[in-house]
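The chain contents come next:
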Amino acid sequence: MNIIDAIILGIIQGLTEFLPVSSSGHLELGKAILGDNSMPEESLMFTVVLHFATALSTIVIFRKDIWSILKGILTFTWNEDLQFALKIAISMIPAVFVGLLFEEQLEQLFDGNILLVGCMLIITAALLFLADKAKDTNKKVSFGNAFIIGISQAIAMLPGISRSGATISTSVLLGNDKSKAARFSFLMVVPLIFGKIAKDILGGDLTYNSGNFTPIIIGFIAAFVSGMIACTWMISLVRKSKLSYFSIYCGIVGIIAIVFSLMN
C-alpha cells in the first residue's frame, strides 16, 4: 500500500465512522466499481490502526465528558455519570452478542453483495429522514433506550447500514434530545472498538511488516484528523436537523447500487 492509498483510506474511515453514510457499504461499492485489484485491500493491522485513530478522535472531542464519567464512576455513588456508563455498557450487549456468535456469517456478507448494500442504504436513508423530522426534546437516554439503541448498533454490522445513522436515528425517534443522542452514539462505540482491538491482539491475528510503517502512520493521521472534523460536524448537523441531506445521498447511492447489481 502506498502513501496516497493510505491517505484516501484513512480519510474515508475518519469521515464515514461519524457521518451517517455507512463506511462498510461504501467500501464494498468502491471495490465493486473499481475492482478488487484497483482498490488495495486493508490489512488487519491497517484496519485496526484506522479504527484506533477514529476511537482516539472521539476521546479527544469528548475528553471532558469522558473525564467526568470516569470521576463519577470512581465516587462509587449512584450519580448521573455512573448511570451513563452503565447505559453505555447495556448498549454494547447486542453488538457483542452478534459479533461473537455470528462473526463468520457477517464476514460472508462483505463479499461484493452490492444488492444487499443498496437495500440497506435505502433503509439508512429512511431512518435519517424520519429522525430529521422528529421534534427536539430535552429527554435523556434511558436504560431501556440504551438497549434498543444497542440493537440498532448490532444491526448496523450489516454492510450499508450506517452505525452512527442507525443509532442516532433510533435514539431521536425514541424521543431523546438530538445533541444527547449524537453524544451517546459516538461514546457507545469507543468501548467496542477497543474491545475488538484487544481481541485481535490477544488472538494473535495481527501481523506487522516494517515496510508498511509509513503508510500505517499516514493512514492513522488521516483517519484521526478527518475523524475529529467529521465528529464535530456531525454533532452540529444533528442539532440543526440537517440529516435529510445524508438521507437523500444514501437514497441516491442505494438506488444506484441496486441498479448496478441488477445489471451485472
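Residues numbered from 1 in each chain as written. Predicted model: local features only at pLDDT ≥ 70, side-chain atom pairs only at ≥ 80, totals over all residues. Heavy atoms only, no water.

**Student:** Please explain the overall build of the protein as it appears in this structure.
**Tutor:** Scanning the protein from N- to C-terminus turns up 13 helices and zero strands. Considering the protein as a whole, with its 264 residues, one finds that 45% of them fall into the buried category. (Helix = DSSP H or I, 4+ residues; strand = E, 2+ residues; numbered from the N terminus. Buried < 20%, exposed > 50% of the residue type's maximum accessible area, 1.4 Å probe, protein only.)

**Student:** Which parts of the structure should I look at to understand the nonpolar core?
**Tutor:** In summary, soluble globular proteins display a tendency toward joint burial of nonpolar side chains. Counting 39 residues, the largest nonpolar core has Ile88, Ile168, Phe184, Phe186 and Met234 as its most contacted members. Within the residue set of this core, elements represented by two or more residues are helix H5 (80–101), helix H7 (114–133), helix H8 (143–155), helix H9 (163–173), helix H10 (178–188), helix H12 (213–239) and helix H13 (243–263). Non-local contacts of Ile88, meaning those with residues more than four positions away in its chain, are made with Phe184, Leu187, Met188 and Pro191. Ala6, Val49, Ala53 and Ile216 belong to the second-largest nonpolar core, a separate cluster that totals nine residues. (Core = buried A, V, L, I, M, F, W, Y, C linked by side-chain atoms within 4.5 Å. Contact = heavy atoms within 4.5 Å.)

**Student:** What's the story with a nonpolar patch on the surface in this structure? I'm lost.
**Tutor:** A cluster of nonpolar side chains, namely Ile3, Ile4, Ile7, Ile8, Ile11, Ile12 and Leu15, defines an oily patch on the protein surface of about 530 Å² accessible area. Within the secondary structure layout, Ile8 lies in helix H1 (residues 3–18). A relative accessible area of 43% means that Ile8 is categorised as partly exposed. (Patch = residues over 30% accessible without salt bridge, like charges linked within 9 Å, V, L, I, M, F, W, Y side chains within 5 Å. Areas by Shrake-Rupley, 256 points an atom, 1.4 Å probe, with all protein chains shown as cover. Salt bridge = Lys/Arg side-chain N within 4 Å of Asp/Glu carboxyl O.)

**Student:** In this structure, what is going on with the pattern of salt bridges? I would like to understand it.
**Tutor:** Any two side chains of opposite charge can pair, on the condition that their charged atoms come close. Throughout the structure, instances matching the rule amount to three salt bridges. A salt bridge links Asp65 to Arg183; the nearest nitrogen and oxygen atoms lie 2.6 Å apart. Of this pair, Asp65 sits in helix H4 (residues 63–74) while Arg183 sits in helix H10; the two residues are 118 residues apart in sequence, bridging distant segments of the chain. For Asp65, a relative accessible area of 24% puts it in the partly exposed group. Among the residues examined, Arg183 registers a relative accessible area of 24% and is labelled partly exposed. In this structure, Lys140 engages Glu80 in a salt bridge whose closest nitrogen and oxygen atoms are separated by 2.9 Å. You can see Lys140 sitting in the loop between H7 and H8 and its partner Glu80 sitting in helix H5, a full 60 residues away along the chain. In this structure Lys140 comes out as partly exposed when scored by relative accessible area, which is 43%.

**Student:** Can you help me understand the packing of aromatic side chains in this one?
**Tutor:** Any aromatic ring pair is given by two values, namely how distant the centres are and how the planes are angled relative to each other. For the coordinates displayed, the defined rule picks out eight aromatic pairs. Seen in terms of ring centroids, Trp233 and Phe246 are 6.1 Å apart; in terms of plane orientation they differ by 65°. Their pairing is edge-to-face. Remark: Phe246 occurs in helix H13 and Trp233 occurs in helix H12; sequence separation between them is 13 residues. Note on Trp233: relative accessible area 44%, which makes it partly exposed. The ring of Phe143 is capped by Lys87, whose NZ or CZ atom sits 5.3 Å from the centre of that ring. If you follow Arg183 out to its NZ or CZ, it ends over the ring of Phe84, 4.4 Å from the centre. (Phe/Tyr/Trp six-rings, centres within 6.5 Å; stacked < 30°, edge-to-face > 60°. Lys NZ or Arg CZ within 6 Å of the ring centre and 35° of its normal.)

**Student:** Would you mind going over the confidence of the model for the protein with me for this structure?
**Tutor:** Caution is warranted with low-pLDDT regions, since their predicted coordinates should not be read in detail. On average, residues of the protein carry a pLDDT of 84, and 88% of them reach 70 or more. Mean pLDDT across the elements of the protein ranges from a minimum in helix H2 (residues 23–34), with 65, to a maximum in H8, with 95. Across residues 36–42, confidence stays below pLDDT 50; counting only partners more than four residues off in sequence or on other chains, it has 16 contacts. (pLDDT = per-residue confidence, 0-100.)

**Student:** For this particular structure, what's the right way to read the environment of Leu174?
**Tutor:** Locating Leu174 in the fold gives a position in the loop between H9 and H10. On the accessibility criterion, Leu174 (27% relative accessible area) is partly exposed. Remark: the alpha-carbon pair of Leu174 and Ala131, spanning 43 residues in sequence, is separated by 9.5 Å. Those residues in contact with Leu174 that sit more than four places away from it in its chain are Lys139, Asn145, Ile148 and Ile149.

**Student:** What am I meant to see in H12 here?
**Tutor:** Along an α-helix, a turn takes 3.6 residues, which lines up residues three or four apart on a common side. The end-to-end C-alpha distance of H12 is 39 Å, a good match for the 39 Å that 27 residues give at a rise of 1.5 Å each. Backbone geometry just downstream of H12 places Ser241 in the positive-phi region, at approximately 55°. (Expected span 1.5 Å × (residues − 1).)

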